[in-house]
Amino acid sequence: MIRSVIRGVGHYLPDRVVPNSWFESFLDTSDEWIVSRSGIERRHFAAEGQLTSDLAIRAARAALAGAGIEADAVDAVIVATSTPDLTFPATATIVQAGLGMTRGFAFDVQAVCAGFVYALANADSLIKSGQAERVLVIGAETFSRIMNWEDRSTCVLFGDGAGAVVLERATGDGTNADHGILATDLHSDGRYREILQVSGGVSASQTTGHLMMAGKEVFRHAVDKLAQTTTDVLAKAGLTAAEIDRVVPHQANIRIITRTAQKLGLPMDKVVVTVADHGNTSAASIPLALSVAVEREQLRQGDLVVTEAIGGGLAWGAVALRW
Ligand code: UT7
């Protein structure tokens, strides 16, 4: 049976680190509030002129180096982002050219914070259907460009960054002991689109707009839907939450991460947490956390790993894989 295996992981964070205290200078907020409500202590912001594709290319190069392959050995580049360089072309094509690739195909996936999970599931399908042997799957964002700096309930939560993985075709025996992606589970429900959206866009207003979020409502959906998609993706692979070695969740809020783990009966030492250092980097958060987990030696060969995310749409989902 064809399996998609992660061969390399990498990430890139812009140099500028912004501590919570920075917001105290222009907003009625405090480090204490931000840490206690979200778990976020600092985040990175891209420099002026530094674009989503710049972050993506740096992360991609690190993932390629980790996999020990050249960019031209890649058949497809998928960039999950809600903060593309331009309205078109796809940021993925800018990344493709930036990596010096002269072959293959490239496209973006727009599923907001669930973008990386969506991109990984689509890359798995491309590999399983024979359309690609190696896919570079990238999550990259510059959310600092869509913040409303007068809205303290949102602008303190987000950061910029990028993470990437090289996914490669392998052969397994079809059991859940195989390495690679074992199952994927994707959902969206557009009835809830207004609780997390951007106030502008090409067709609606010919502006970029700013992020708006009904935080409490998103929070309520998040815990239930993340626990459910994790349970469902494991069931598809004939597994249960008790068998998980590591969860690599979307890093939006430590309270969402801990409550979801509690709901699944998972101790926190099985959960990779980076939210304190990165804030919410939307589609970049999971590949960033995966890459940091590799650096921290939190992932061992054979581990059952689940990634799960939810964001604007609402769109959510999970991927179960064996490391
Ligand atoms: O990545 C996509 C998914 N996104 C998420 O998962 C985010 C989900 N939501 C959340 O993480 C949380 O709802 C927040 C962190 C956004 C907010 O936490 P909360 O515990 O739900 O707080 P709240 O919105 O109920 O606000 C409590 C109070 C309010 O004041 P009053 O009305 O009680 O007087 C807010 O105005 O905190 C106030 N507040 C702040 N105070 C200081 C809101 N933002 C701030 C702030 N500093 N930055």
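Just above sits the structure.
Basis of the calculations
Residues numbered from 1 in each chain as written. Predicted model: local features only at pLDDT ≥ 70, side-chain atom pairs only at ≥ 80, totals over all residues. Heavy atoms only, no water. Pairing = 2+ DSSP bridges. Helix = DSSP H or I, 4+ residues; strand = E, 2+ residues; numbered from the N terminus. Axes fitted to C-alpha atoms, helices over the stretch in contact; angles between N-to-C directions. Contact = heavy atoms within 4.5 Å.

Some details on the sheet that holds strand β8 (residues 180-188)
An order of β8-β13-β12-β11 is seen for the four strands of this open sheet, with the pairing classed as mixed. The sheet terminates laterally at β8 and β11 (246-249), the two strands that pair on one side only. The sheet shows a mean angle of 15 degrees between the axes of neighbouring strands, taken without regard to direction. On top of the sheet, helix α5 (residues 115-128) reaches β8, β12 (304-311) and β13 (315-322); it is set at about 125 degrees to β8, its chief contact.

Here's the deal with unusual backbone geometry
Across the junction of F88 and P89, the peptide omega takes the value 5 degrees, indicating a cis bond. By secondary structure assignment, the location of P89 is in the loop between β4 (76-80) and α4 (91-98). With an omega of -15 degrees, the peptide bond running from G313 to L314 counts as cis. Locating L314 in the fold gives a position in the loop between β12 and β13. The phi dihedral of S282 is positive, around 50 degrees, even though this residue is not glycine. As for its position among the elements, S282 is in the loop between α10 (275-278) and α11 (285-295).

Purely spatial values, then, with no claim about function.
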